[in-house]
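# Residue-level structural notes
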Amino acid sequence: MKILVIGGGGREHALVWKLKQSPHATQLFCAPGNPGIAELAECVPIAANVIAELTEFAESQQIGLTIVGPEDPLTQGIVEQFQEHDLRIFGPNRVAARLEGSKAFAKSLMAKRGIPTARYAEFDNYEKALQYVRKQGAPIVIKADGLAAGKGVTVAQSLDEAEDALTAVMQRKVFGEAGTRVIVEEFMTGEEMTVLAFSDGHTVKPMIPSQDHKPVFDGDRGPNTGGMGAYAPVPHLQHHLPEIQSCILEPMAAVLRDEGIVYQGVLYAGLMITAGGPKVVEFNVRFGDPEAQVVLPLLQTDLVEIIDAILDQRLDALDLQWSEQASLCVVAAAEGYPGPPVKGTPIGLPETPGDSLQIFHAGTAEYDGQLVANGGRGLGITAWANGLTAAREQAYDCLEQIRFPGMHFRQDIGLKALG
Ligand code: AMP
Ligand code: GLY
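Below is a short write-up of the structure. (Residues numbered from 1 in each chain as written. Chains lettered and ligands numbered in written order. Predicted model: local features only at pLDDT ≥ 70, side-chain atom pairs only at ≥ 80, totals over all residues. Heavy atoms only, no water.)

### Observations concerning the overall build of the protein
Formally: Comment: elements are numbered from the N terminus, with helices defined as DSSP H or I runs of at least four residues and strands as E runs of at least two. Based on C-alpha atoms, the radius of gyration is set beside the globule rule, defined as 2.2 Å times the residue count to the power 0.38. Throughout this description, buried means an accessible area under 20% of the type-specific maximum (1.4 Å probe, protein chains only), exposed means over 50%, and partly exposed covers the range between. Any two residues whose heavy atoms approach within 4.5 Å are treated as being in contact.
Along its length, the protein carries 13 helices and 22 strands. Here the C-alpha radius of gyration of the protein, 21 Å, is about what a compact globule of 419 residues would show, namely 22 Å. Across its three principal axes, the protein shows a C-alpha extent of roughly 60 × 45 × 40 Å. Per-residue burial over the protein gives 58% buried out of 419 residues. Taking contacts inside the protein between residues at least 6 apart in sequence as the whole, the part at least 24 apart equals 68%.

### Quick word on the side chain of H13
Secondary-structure assignment places H13 in helix α1 (residues 10-20). Under the relative-accessibility criterion, H13 is labelled buried at 3%. Setting aside its immediate chain neighbours within four residues, H13 contacts N34, G36, I37, L40, I359, F360 and H361.

### Observations concerning the sheet that holds strand β19 (residues 357-361)
Defined as follows: At least two DSSP bridges between two strands are needed for those strands to be called paired.
Taking strand neighbours across the sheet as the criterion, the five strands line up as β12-β15-β18-β22-β19 in an open arrangement whose pairing is antiparallel. At either margin of the open sheet sits one strand with a lone partner, and together these are β12 (211-212) and β19. Both β12 and strand β15 (residues 229-232) contribute to a ladder of two bridges, which runs antiparallel. Note that in β15 the partner of Q211 across the bridge is Y231.

### A word on the environment of T345
Secondary-structure assignment places T345 in the loop between β18 (326-333) and β19. Distance in space between the C-alpha atoms of T345 and E163 is 39 Å, their sequence separation being 182 residues. Sequence-distant contacts of T345, that is, excluding residues within four places in its chain, are made with L371, V372, A373, F404 and P405.

### Concerning the pattern of salt bridges
This is how the line gets drawn: The rule for a salt bridge is simple: a side-chain nitrogen of Lys or Arg has to be within 4 Å of a carboxyl oxygen of Asp or Glu.
Tallying each qualifying case throughout the model produces 20 salt bridges. Salt-bridge contacts for R88 lead to D308; the nearest nitrogen and oxygen are separated by 2.9 Å. Within this pair, whereas R88 is found in the loop between α4 (78-84) and β5 (89-90), its partner D308 is found in helix α11 (residues 303-311), the two being separated by 220 residues in sequence. Note on R88: relative accessible area 32%, which makes it partly exposed. Bridged by salt links that share partners, the residues R88, D308, D312 and R314 form one connected network.

Structure below.
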């Protein structure tokens, strides 16, 4: 079967790398892909959100299965478009993707089923939001309702900071229409964990939990990024999984069904493990990035078979197999990230043993045969081994051999589990 992956980051490189191992994948395409992906699949120069062209391509090439990486095309309705053309595609439809596209929608669904999450209020009126924030006091969390490339959240430690965030989002519209409505949330404390789950709308099967590292600097300091590294599994928080399954994942699939939504795809639960148990920070409607880079190498069941089972709504009959190993990914970011990154810096890569380490490409490009930085998160160096310590050593040893001007990375990926 011909398979098309949509997207061009580290997550999509990991997806293509995994799919390459499937006997069901006779030919792989990726739109738009990146130089790392180009070693495994044919890259097609169509951006991930140009849905009409993607549909045309999939039709003309008789693509048997399309897998969507990023949220944008999902929230724009790529799944319905493909289905209208009788094309098989993996991901939630536009209505279901509102779970990520609108924080207010996600919160209202959680409230309906009592899914544990931060207390909140929602506002489309600036004065009322301001009054509420002043009454609640700091620390407090301000979130733009819509998609803001992961930057729409302010965890305000002071009232001044909270008021600035409200003004920026609602009045100066720094995130555009995404900030027409805001969510004001109770501040939660605890360690964060990601649980990705496969869902066919009726059965929800969690993958191995992982932990992202969002702030740019060691010790979780500095501004938030898309994620500077991850590891899986998360041994010290693993015992919360049954509660996450029964109190968060299954109720979410159920409340979606109540709304008439059969959720087919990957359900991403971003969690805070508070003193009162796991609570939802956010839901996303796709694989996490960099979480996919650490979870997929541990997956032993054929990914194409899982997706087929989801699309045929027989996930309940499938047993997911996972490796007993641990994996860890360190992101090598370009100068300037998470602000505007410096592009065009040449990158040299070492030879790597493919069976226990992969350098997943994210923001890279190739000019005249030279690999260069072309985005914020350049590479995800991912290793897997017997035990997190060994995986960590392998990833950082490889990173020692990669240097490009301005490159930066966190030194402490995985230490929360080893500490
Ligand atoms: P989000 O984009 O919703 O995942 O939020 C980005 C980050 O902000 C999360 O990974 C948390 O570290 C932090 N955050 C979001 N909501 C809260 C909250 N209610 N309390 C504390 N921290 C939060
Ligand atoms: N790593 C965070 C995300 O994928 O949303």
